[in-house]
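The primary structure of each chain is shown beneath.
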Amino acid sequence: MATVQILRSWWRARYPVYVLGLAVGMLMMWLPFKTFQDNDAWASRLRVHGVPAQAVVDELVHKRRNTMHLRYDFAGAQRQAEVGCWEVCLTAGSAVRIWVNPNDPDDFVTEFDILSGHRGRLQGVVGAAGLVLSGSMALAVIARLHQRRRDRRRRDWQRQQQDQRQRQFANARSGRETQAKSATAEPRLISRSAARSKPPPHAPLPGQPGTDDTRH
């Protein structure tokens, strides 16, 4: 019984943690979507307000993730930057049109709407971790609810068994009392019936002592 109480108190203490972990995981999952929306909005703004320039694919690196190294001239200086190869991967020597941020020459968007650098990678990792966290917390909450339902069913079953045993005990007790009453009442009935079956005393015959004829 003490072990069950300890487990129940442990579940009650951990339940708010599970709910909080689920909320944090959902927030972490929302972060990459928000980052991608902000990147799309910034790319659209650069295409409108950025300075157009011409870049050349200097190198295409095939690793875990394809990356294009672009070389371009801006404000009288030659610059290089990396662009993630998401949908479009060009070979070395290909020309790419870009729009550069005048306040940050390393910030630009390509003609196929890819921003310079690997933006959103960290947020993607955070979102994946949030998915794992929220999934684990959701499973923990579901398991807790299922455990509570099983405990409720077990308590109901135990209560039914206890009520059934009490009814059986009460029935057995009432049966024993009835048998005892019937056993005590039986001798009384026998004695009464015997008393009723005794013949009445015979009257004295004439000439026997104790009659009026003997006095004469």
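Residues numbered from 1 in each chain as written. Predicted model: local features only at pLDDT ≥ 70, side-chain atom pairs only at ≥ 80, totals over all residues. Heavy atoms only, no water.

**Section: the overall build of the chain**
So, point 1. Across its full length, the chain holds two helices and five strands.
So, point 2. Reading the secondary structure of the chain in the N-to-C direction produces α-β-β-β-β-β-α.
So, point 3. Scored against the burial criterion, the 216 residues of the chain give a buried share of 22%.
So, point 4. Accessible surface for the chain amounts to roughly 16,300 Å². Of this, 56% is attributable to carbon and sulfur atoms. (Helix = DSSP H or I, 4+ residues; strand = E, 2+ residues; numbered from the N terminus. Buried < 20%, exposed > 50% of the residue type's maximum accessible area, 1.4 Å probe, protein only. Areas by Shrake-Rupley, 256 points an atom, 1.4 Å probe, with all protein chains shown as cover.)

**Looking at the sheet that holds strand 1 (residues 51–61)**
Sheet strands associate in pairs through backbone hydrogen bonding, adopting either a parallel or an antiparallel arrangement.
So, point 1. Sheet architecture is open: five strands sit in the order 3-2-1-4-5, paired in antiparallel fashion. Each edge of the sheet is formed by a strand with only one pairing partner; in this case those strands are strand 3 (77–84) and strand 5 (104–110). The sheet shows a mean angle of 40° between the axes of neighbouring strands, direction not considered.
So, point 2. Where strand 1 meets strand 2 (residues 67–74), six bridges bridge the pair, whose relative direction is antiparallel. Its bridge partner being in strand 2, Leu60 is matched across the sheet by Met68. (Pairing = 2+ DSSP bridges. Axes fitted to C-alpha atoms, helices over the stretch in contact; angles between N-to-C directions.)

**Some words on the environment of Val57**
So, point 1. With respect to the element layout, Val57 can be found in strand 1.
So, point 2. With a relative accessible area of 1%, Val57 lands in the buried category.
So, point 3. Considered as a pair, Val57 and Leu90 are 33 residues apart in the sequence and their alpha carbons are 7.2 Å apart.
So, point 4. In this structure, Val57 is in contact with Met68, His69, Leu70, Leu90, Thr91, Ala92, Gly93, Ser94 and Val96, ignoring residues within four places of it in sequence. (Contact = heavy atoms within 4.5 Å.)

**What about the side chain of Thr35?**
So, point 1. Tracing the chain through its elements places Thr35 in helix 1 (residues 2–49).
So, point 2. In this view, Thr35 contacts Gly120 and Gln123; residues no more than four positions away in its chain are not counted.

**Things to note about the side chain of Asn101**
So, point 1. Topologically, Asn101 is positioned in strand 4 (residues 95–101).
So, point 2. Once residues lying within four places of it in the same chain are set aside, the contact partners of Asn101 are Trp42, Leu46, Phe74 and Asp107.

**Some words on the layout of surface pockets**
If you roll a probe as big as a water molecule over the atoms, it shows you where there is empty space left.
So, point 1. Roughly 280 Å³ of volume is contained in the second largest pocket.
So, point 2. Surrounding the second largest pocket, 14 residues form its lining, Asn39, Trp86, Ile114, Leu115 and Arg119 being those nearest its centre.
So, point 3. Among the elements that line the lining of the second largest pocket, the one with the most residues is helix 1, at four residues.
So, point 4. Looking at side-chain class alone, the lining of the second largest pocket contains five nonpolar, five polar and four charged residues. (1 Å grid on protein atoms, 1.4 Å probe; cavity = no way out; pocket = protein on both sides within 12 Å on 5 of 7 lines; lining within 4 Å. Points joined across faces, edges and corners; volume = space filled by probe spheres on them. Nonpolar A, V, L, I, M, F, W, Y, C, P; charged D, E, K, R; others polar.)

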